[in-house]
Amino acid sequence: MRVLAIESSCDESAAAVLDATAGLMSHELYSQVELHRTYGGVVPELASRDHVRRLLPLVKAALARSATSPGDLSGIAYTAGPGLIGALLTGASLAASLAYAWKIPVIGVHHLEGHLLAPLLESDPPPFPHVALLVSGGHTQLIEVAAVGSYRLLGETRDDAAGEAFDKTAKLLGLPYPGGPQLAEIARRGTPGAFHFPRPMLDRAGLEFSFSGLKTAVLHAVRAAELTEQRRADIARAVEEAIAGTLTAKALRALDYTGLTALVVSGGVGANRTLREQLAAAARAHGARVYYPRIEFCTDNAAMIAVAGLARLKAGQRGGLAIEARAQWPLAALPRLAA
Ligand code: KG4
Ligand code: ZN
């Protein structure tokens, strides 16, 4: 089986070809980050219009690079949600049109299932069952993954996602959008312990997160004195340590709670070096192991949508030609795959 996958849920347009035997054959991506930078965040209407411009050339490139013709394809997978509704519609309508023209099956994929399954593309994939820490711009969740298609939510954020907390505090520090990676960059020059920000919910039992209080703490620190380069780096370092510290402690708590020893970390924040170092050290001390997708597949991409799509098409699931796009879509609502 070979699938073409299309991702357009937010500000990345992407296409990929995955073969059940040969593995990942091509993946193409265009990031709209420059387009949205002027506005300090993703502008949904601009994102949709740009997807319309970018997607077809990306699909053509993904097919050409993998020497795939439509006749070689067993199906098309596209991101059906959650995400920006207009952006989702561009990918969904392209996928449905191609499937109609080429007379092949099509399936709408859950974006977070894509993030969860992205590490399966690596040569040393995680075992099942495992715990997944999903940390992106829109989500912060701990999930027990019994098998492909079997997800139990253990805990999630009550307010801001971890990526959102990075981006919002970065903005307070005067860094351009999306601030997460830039905050991480200047944090490397920060003095450890110069600031200490709260690690919310850490003192409470359970696996929930809350990151909205961090913004207020950072705002006070920013306003308290002149924001020199060093002070900025010191604050950035403390922000990173508060977020990474909280995520690490709760991920370990989830391993204890489930009795599992494999932890998957996926989503854009999974690219954060401090988080990776803290998780590695904590897991080692705990007799557990951490698995990641390669850095480029931590953030949004179509290869991960292909993995989820291929698994579901293989199991006989089909989407039909009606266009599916859901802004909100709980993972638990996904149909299970037969064991
Ligand atoms: O998974 P993703 O690409 O998109 C969503 O589905 O949300 O995640 C993007 C998020 C942004 O908030 C970005 O600032 C954050 O991931 N991010 C990082 C790093 N790289 C990306 N945050 C902290 N450190 C990084 N190195
Ligand atoms: Zn994502």
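Above this text is the structure in question.
If you're wondering where the values come from, they're calculated on a predicted model, not measured in any experiment. (Residues numbered from 1 in each chain as written. Chains lettered and ligands numbered in written order. Predicted model: local features only at pLDDT ≥ 70, side-chain atom pairs only at ≥ 80, totals over all residues. Heavy atoms only, no water.)

Around ligand 1 sit 18 residues in total, of which Gly137, Gly163, Asp167, Gly268 and Asn272 are the nearest. In the model, an oxygen atom of ligand 1 is placed 3.4 Å from a nitrogen or oxygen of the glycine 180 main chain. Within the backbone of glycine 268, a nitrogen or oxygen atom sits 3.0 Å from an oxygen atom of ligand 1. A total of 560 Å² of accessible area belongs to ligand 1 in isolation, and the protein chains cover 85% of it. Those elements that place two or more of their residues in the shell around ligand 1 are helix H4 (111-117), helix H5 (162-172) and helix H6 (179-187). A total of three residues in the shell around ligand 1 trace back to one element, the largest contributor, which is H5. (Near = heavy atom within 4 Å. Polar contact = N/O pair within 3.5 Å; in protein donor to acceptor, adjacent residues only side chain to side chain. Areas by Shrake-Rupley, 256 points an atom, 1.4 Å probe, with all protein chains shown as cover. Helix = DSSP H or I, 4+ residues; strand = E, 2+ residues; numbered from the N terminus.)

So, on to the packing of H5 against helix H7 (residues 212-224). Here H5 crosses H7 at 15°, and the two axes come no closer than 10 Å. The orientation of H5 relative to H7 falls into the category roughly parallel. Regarding H5 and H7, the two cross each other, and that crossing is right-handed. Within the contact between the two elements, H5 uses Lys168, Thr169 and Leu172 and H7 uses Leu214, Lys215, Val218, Leu219 and Val222. By residue class, the composition of the contact of H5 with H7 is five nonpolar, one polar and two charged. (Axes fitted to C-alpha atoms, helices over the stretch in contact; angles between N-to-C directions. Parallel < 35°, antiparallel > 145°, perpendicular 65-115°, else oblique. Left-handed = near helix turned anticlockwise from the far one by under 90°. Contact = heavy atoms within 4.5 Å. Nonpolar A, V, L, I, M, F, W, Y, C, P; charged D, E, K, R; others polar.)

As a further point, take the pattern of salt bridges. Under the definition given, this model contains 18 salt bridges. A salt bridge links arginine 49 to glutamate 45, with the shortest nitrogen-to-oxygen separation between them at 3.0 Å. Pair noted here: arginine 49 and glutamate 45 are both in helix H2 (residues 44-65), with a separation of four residues, about one helical turn. Under the relative-accessibility criterion, arginine 49 is labelled partly exposed at 48%. Among the charged side chains, a salt-bridge network with shared partners connects Asp160, Glu164, Lys168 and Lys215. (Salt bridge = Lys/Arg side-chain N within 4 Å of Asp/Glu carboxyl O. Buried < 20%, exposed > 50% of the residue type's maximum accessible area, 1.4 Å probe, protein only.)

Attention shifts here to the nonpolar core. The biggest cluster of nonpolar side chains holds 54 residues, and the ones touching the most others in it are Leu4, Ile6, Val59, Ile76 and Tyr151. Per-element tally for this core: the top contributor is helix H10 (residues 303-314), with eight residues. Mapped onto the domain boundaries, this core takes at least three residues apiece from domain 1 (2-116 + 297-333) and domain 2 (127-292). For tyrosine 151, the contacting residues outside a window of four places in its chain are Glu113, Leu116, Leu117, Ile143, Glu144, Val145, Leu331 and Leu334. Of all hydrophobic cores here, the second largest spans 45 residues; its members include Leu154, Ala165, Ala254 and Leu275. (Core = buried A, V, L, I, M, F, W, Y, C linked by side-chain atoms within 4.5 Å. Domains from an automatic or database assignment.)

Attention now moves to the sheet that holds strand E10 (residues 289-291). The five strands are arranged E8-E7-E6-E9-E10 in an open sheet whose pairing can be described as mixed. Here the strands that pair on one side only, and so sit at the sheet edges, are strand E8 (150-156) and E10. Pairs of neighbouring strands in the sheet enclose a mean axial angle of 25°, with direction left out of account. Strand direction decides the pairing type here: strand E6 (residues 130-135) and strand E9 (residues 262-266), joined by four bridges, are parallel. (Pairing = 2+ DSSP bridges.)

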